[in-house]
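The lines below spell out each chain.
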Amino acid sequence: MNILFSELSQVEGLDIWDGISHVGNNPEVFYDILRQFCGEFDGLLGHLEEALAQKDWKDYTIRIHAFKGAFANIGAEDLRAWAYELEMAAKNGEYDKCTADTPKIIERMKQFRDSLLKTSLIKP
C-alpha cells in the first residue's frame, strides 16, 4: 500500500476499506472523492448552518441528508449514523434535538475533515 493509504487508515472514524468498496475497490477514485469532499465541505457546511439558523427545517433536512450520504459513501459510519439520526429528528418535528445536536455534529465533522487534511491527500 502507499503512504496516503497508510495515513488515511489512521483517520479516526474512517473505514477506508468500506469507502473503497463503494468505488469498485479503486483507491485512486476513493482518494479523488475524499479530495472533493474536503474541497466542498465548507460550502456545504455553510448551507447547513444557514438552514439551522433560519430554522428552515425542510432545507435543513435536505442538507443533513446530503452529509449522511457523503459519509456513507466514504466510509464514515459514525458520522453517517449521527446525520441520519438528525435527519429523522427533523422529519419527525424534533427540532429541539436538531438545534441542540447540530453544533456537536458540526464540530465532529470539522475534526474529521481536518484529520483528512493532515494527510497527504491534498498536495500543494
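For the structure itself, consult the block above.
What this report covers is the structure whose coordinates are included nearby. Every chain's residues receive numbers from 1 upward, in the order its sequence appears when written. Owing to the predicted nature of the model, reporting of local features is limited to residues with pLDDT of at least 70; listing and counting of side-chain atom pairs is limited to 80 or more, with chain, interface and lining totals taken over all residues. Values reported for side chains reflect all heavy atoms of the structure, with hydrogen atoms and water molecules removed beforehand.

## A short note on the side chain of T102
Spelled out, the test is: In this description a helix means any DSSP run of H or I spanning at least four residues, a strand means any run of E spanning at least two, and both kinds are numbered starting from the N terminus. Accessible area is worked out with a 1.4 Å probe on protein chains only. A residue is then buried under 20% of its type maximum, exposed over 50%, and partly exposed in between. Throughout, a contact is declared for two residues whenever any of their heavy atoms are within 4.5 Å.
On the secondary structure map, T102 appears in helix α6 (residues 95-117). Given a relative accessible area of 0%, T102 falls into the buried group. Leaving out residues up to four positions away in the same chain, T102 has contacts with L48, L52, Y60, L86 and K97.

## Observations regarding the packing of helix α3 (residues 27-53) against helix α4 (residues 57-74)
Quick reminder of the rule: In this analysis an axis means a line fitted to C-alpha atoms, helices contributing only their contacting stretch, and an angle means the value between N-to-C directions, from 0 to 180 degrees. In these notes the angle categories are as follows: under 35 degrees is roughly parallel, over 145 is roughly antiparallel, 65 to 115 is roughly perpendicular, and the rest is oblique. Each crossing gets its handedness from the near helix: less than a right angle anticlockwise from the far helix is left-handed, clockwise is right-handed.
Closest axis-to-axis distance for the α3/α4 pair is 10 Å, and the angle between their directions is 160 degrees. Relative to α4, the element α3 lies roughly antiparallel. Our pair here, α3 against α4, has a crossing hand that is left-handed. Taking contact as the criterion, the partners of F30, I33, L34, F37, F41, L44, L45, H47, L48, A51 and L52 in α3 are, on α4, W57, D59, Y60, R63, I64, F67, A70, F71 and I74.

## Description of the layout of surface pockets
For the record, the criterion: Think of a 1 Å grid over just the protein atoms. A cavity is a set of points where a 1.4 Å probe fits yet cannot get out, a pocket is an open set with protein on both sides within 12 Å along at least five of seven lines, and lining residues have an atom within 4 Å of a point. Grid points are joined across faces, edges and corners, and a volume is the space filled by probe spheres set on the points. Gly is put with the polar residues, along with every residue not named as nonpolar or charged; the nonpolar set is Ala, Val, Leu, Ile, Met, Phe, Trp, Tyr, Cys and Pro, and the charged set is Asp, Glu, Lys and Arg.
Of the voids in this model, the largest pocket is the one considered here, and its volume is about 190 Å³. Forming the boundary of the largest pocket are I33, Q36, F37, E40, L44, A66, F67, A70, N73 and I74. Secondary-structure elements contributing two or more residues to the lining of the largest pocket are α3 and α4. For the lining of the largest pocket, a count of residues per class yields 7 nonpolar, 2 polar and 1 charged.

## Structural notes on unusual backbone geometry
Glycine aside, a negative phi is what most residues show, and trans is what most peptide bonds show. One non-glycine residue with positive phi stands out, namely N25, at about 60 degrees. For N25, the location among the structural elements is in the loop between α2 (16-21) and α3. Unlike most non-glycine residues, K55 shows phi in positive territory, near 55 degrees. As for its placement among the helices and strands, K55 is situated in the loop between α3 and α4.

## Considerations on the side chain of D101
The topology assignment puts D101 in helix α6. For D101, a relative accessible area of 13% puts it in the buried group. With residues up to four places along the chain from it excluded, the contact list for D101 reads W82, E85 and L86.

## Description of the packing of aromatic side chains
The relative placement of two aromatic rings is captured by the distance of their centres and the angle of their planes. To keep it simple, the criterion reads: Only rings of Phe, Tyr and Trp enter the pairing, Trp through its six-membered ring, and a pair is recorded when the two centres are within 6.5 Å. The plane angle decides the type: under 30 degrees is stacked, over 60 is edge-to-face, the rest tilted.
Following the criterion strictly, the structure yields 10 aromatic pairs and no others. An angle of 85 degrees between the planes, with centres 6.1 Å apart, marks the rings of F71 and F112 as edge-to-face. Of this pair, F71 sits in helix α4 while F112 sits in helix α6; the two residues are 41 residues apart in sequence, bridging distant segments of the chain.

Honestly, that's just the spatial picture; any functional story needs more than this.
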